[in-house]
Amino acid sequence: MIRAFLVWLQTALGKGAGDTAQSWSEALLGSLNFWGLLEGSHLIGLMLFAGTILIVDLRLLGVTFRRTPVSVVSDTILPLTIFGFIFVVITGMGLFFAKPLFYYHNIWFRVKMIMLAIALINILVFHSRIQRTQGSWDSDALPPAGARTAAALSLSAWLVVITFGRLIAYDWFECGKPQPAFINWAEECKVSEKGAVALSGAHP
Amino acid sequence: MSLNLEQFLPHARPWVEGLANSFPGSFIKPQFAWWEVAHVLSLITLGGTTILMNLRLIGVGLTQEPPSELYRSLRFWQNLGVIGIVVTGILIGSANAERLYDSAAFIVKMLALIAGIILTYGVSRPVARGDGAVGLAEKIWLILGAAVFLLGLWVFATSELINPGVFHIITAAGFIVLFAVKGRARWTYLGVLIPLIVVQFVWTHIIVKADDYAHLTPVNKTFAAIFTAWIVGVGLVQLFRAGRGEAGGPLTRIIGYVTILVWVMGAAAGRWIAFA
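Per chain, the residues get numbers from 1 upward, laid out in the order the sequence is written. Chain labels run from A onward and ligand labels from 1 onward, assigned in the order the entries are written. This being a predicted model, a pLDDT of at least 70 is required before a residue's local features are given, and a value of 80 or more before pairs of side-chain atoms are given or counted; all residues contribute to the totals for chains, interfaces and linings. Processing note: side-chain calculations cover all non-hydrogen atoms of the structure and skip hydrogens and water entirely.

Peer 1: Quick rundown of the overall build of chain B? Include the residues and the values.
Peer 2: Along its length, chain B carries 12 helices and 0 strands. Seen in sequence order, chain B has helices and strands lined up from the N terminus as α-α-α-α-α-α-α-α-α-α-α-α. Along the first, second and third principal axes, the C-alpha atoms of chain B reach 55 × 50 × 30 Å. Only protein chains enter the area calculation, which uses a 1.4 Å probe; residues under 20% of their type maximum are buried, those over 50% are exposed, and those in between are partly exposed. Looking at chain B residue by residue over its 276 residues, the buried ones come to 52%. In chain B, the proportion of contacts linking residues at least 24 apart, taken out of those at least 6 apart, comes to 78%. Areas reported as accessible are Shrake-Rupley estimates using a 1.4 Å probe. Residue values count occlusion only from the protein chains shown. When the accessible area of chain B is evaluated, it comes to approximately 12500 Å², of which 71% is carbon and sulfur surface. When charges are counted, neither His nor the chain ends are considered; positive counts come from Lys and Arg and negative counts from Asp and Glu. For charged residues, the charge sits on one atom: NZ in Lys, CZ in Arg, CG in Asp, CD in Glu. Positive and negative charge centroids in chain B, built from 19 and 13 side chains respectively, lie 11 Å apart. Only DSSP runs of H or I with at least four residues qualify as helices, and only runs of E with at least two residues qualify as strands; both kinds are numbered from the N terminus onward. For this analysis, residues touch if any pair of their heavy atoms sits within 4.5 Å.

Peer 1: Report on the confidence of the model for chain A, specifying residues and quantitative values.
Peer 2: Averaged over all residues, the pLDDT of chain A is 92; the fraction at 70 or higher stands at 98%. Taking the mean pLDDT of every element in chain A, the minimum, 91, falls on helix α2 (residues 24-30) of chain A and the maximum, 96, on helix α4 (residues 70-98) of chain A. Confidence of the predictor at the level of single residues is given by pLDDT, which spans 0 to 100.

Peer 1: Provide a residue-level description of the packing of helix α10 (residues 183-207) of chain B against helix α11 (residues 213-241) of chain B, including the pertinent values.
Peer 2: All names here are of chain B. Angles run from 0 to 180 degrees between N-to-C directions of axes, and those axes are lines fitted to C-alpha atoms, restricted for helices to the stretch in contact. Axis separation between α10 and α11 bottoms out at 11 Å; the angle between their running directions is 175°. Here α11 runs roughly antiparallel to α10, going by the angle between their axes. Residues Thr188, Tyr189, Val192, Leu193, Leu196, Ile197, Val199, Gln200, Trp203 and Thr204 of α10 form the contact with α11, whose participating residues are Leu216, Val219, Asn220, Phe223, Ile226, Phe227, Trp230, Ile231 and Val234. Note on angle classes: values under 35 degrees are labelled roughly parallel, values over 145 roughly antiparallel, values of 65 to 115 roughly perpendicular, and the remainder oblique.

Peer 1: Before we move on, can you summarise the pattern of salt bridges with the specific residues and values?
Peer 2: A side chain of one charge can pair with a side chain of the opposite charge if their charged atoms are brought near each other. When a carboxyl oxygen of Asp or Glu lies within 4 Å of a side-chain nitrogen of Lys or Arg, that pair is called a salt bridge. What the rule picks out here adds up to 11 salt bridges over all chains. Notably, a salt bridge pairs Glu6(B) with Arg13(B), separated by 3.1 Å at the nearest N-O pair.

Peer 1: Please give an account of the domain arrangement of chain A that cites residues and values.
Peer 2: Residue and element names in this part refer to chain A. All the domain ranges listed were derived from an automatic or database domain assignment. We note that the domain assignment places domain 1 (23-170) and domain 2 (172-204) within chain A. Averaged C-alpha coordinates put domain 1 and domain 2 at centres separated by 31 Å. Counting from both sides, the interface comprises 9 residues of domain 1 and, opposite them, 11 residues of domain 2. Both sides together, the interface formed by domain 1 and domain 2 hides about 880 Å², and carbon and sulfur atoms give 61% of it. Simply put, the buried area is the total loss of 1.4 Å probe accessible area from both parts when two parts are fitted together. Counting the surface domain 1 buries against domain 2, the share from its top three residues, His105, Ile107 and Tyr170, is 59%. Between the two partners, domain 1 and domain 2, sit 1 salt bridge. We call two N or O atoms a polar contact when they sit within 3.5 Å, provided that within protein one can donate a hydrogen and the other can accept it, with sequence-adjacent residues counted only if both atoms are side-chain atoms. The interface formed by domain 1 and domain 2 includes 7 residue pairs in polar contact (both at pLDDT 80 or more). For the side of domain 1 that touches domain 2, the elements supplying multiple residues, two or more each, are α5 (100-104) and α6 (107-128).

Written out as structure tokens, the structure reads:
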């Protein structure tokens, strides 16, 4: 069902009459500059979003701003982080919209989305549980183990999200190429246009 | 116009062509993607530290602490970011030298790197360390760094195929001004900016067809000039209206703006190497 929706998104949405008519997705991908602007904006948005979350996490780890209360660091920096996150999500959705089926069958993208979900759950857990007791350790140079664990998990999750986001550009694992059965399964290559090819060269 | 290294160093082509097959290019090539990841992570570290330190000079962000405290807390991570982008950049560049040799975006990126290092280490950090005080040495470095930055911006804006990348710098400047202006001024600022964005979208997607580049280019250039005039204008009003704050006056805030934007230009130009 998801794939059918993405096929419609890529090939039908916004498509006019005539043989040369393009869908909005195809027009975006084929645009001379807009796709490049989106990609560049995504990277620059990451500098704001991930760059500021790095500093907040380092404070929670007791590595930097040790003399500044955690609440001061988080209350002033997190609005910038949220602004950056919204910007990254909007530009990311634009990039996805240009090639939805490519991303859908890409293992890096799939793991990136899982790690993104873990990072967001970690934020929820931090705000609902760990931050409840913040009043008692707010000014501590070294926050308690729970806060440090959440910060370490956050840093690790965003590191993987960014790393796998960059690796999407590389075609090491692509449906239609001979590759391990696990990768074919994880990318749902069987239902992709290029199909699944086992390492032996046979279609599984 | 489109500048590239070949125009300045035409006899270097054989050497450039051989770089990818000699150390360190040959060593980097098999792990090229991972070095690229390290480059992006370094850029993010540099971006976060630079944005926070320089927004503080503008009077935004972590204002509960003096700029000297931000300098003290962020300098190590900023150094890590700068060293990271330079080291990984050299390694990536050696494995991909031919592309860079022919690229105008690479010229812009190198000018941004030079200006970024001058403005960060010669101006922004000493000013943050001194809680906003701008001495003679910082003024001299500012003139030099800003001149290199403007040269890079001129190359970016006048080079065919990569000049749309200037919109990244305009957008970043637009966001910084949005953070810096407060109260009713912020709404006035947005009240003009948002309709301008809508008008540009309608003009370049409905009035002019998306593939009619002959007509699109002058329209986009005109809008780039209008956006710049509005953002810079509001930014200047904020610079001087805020007067002399506890962390420096208009010159301190100009340093904050320029230092963030020079690294944005470096990141944007780096991305446009891949596009043109």
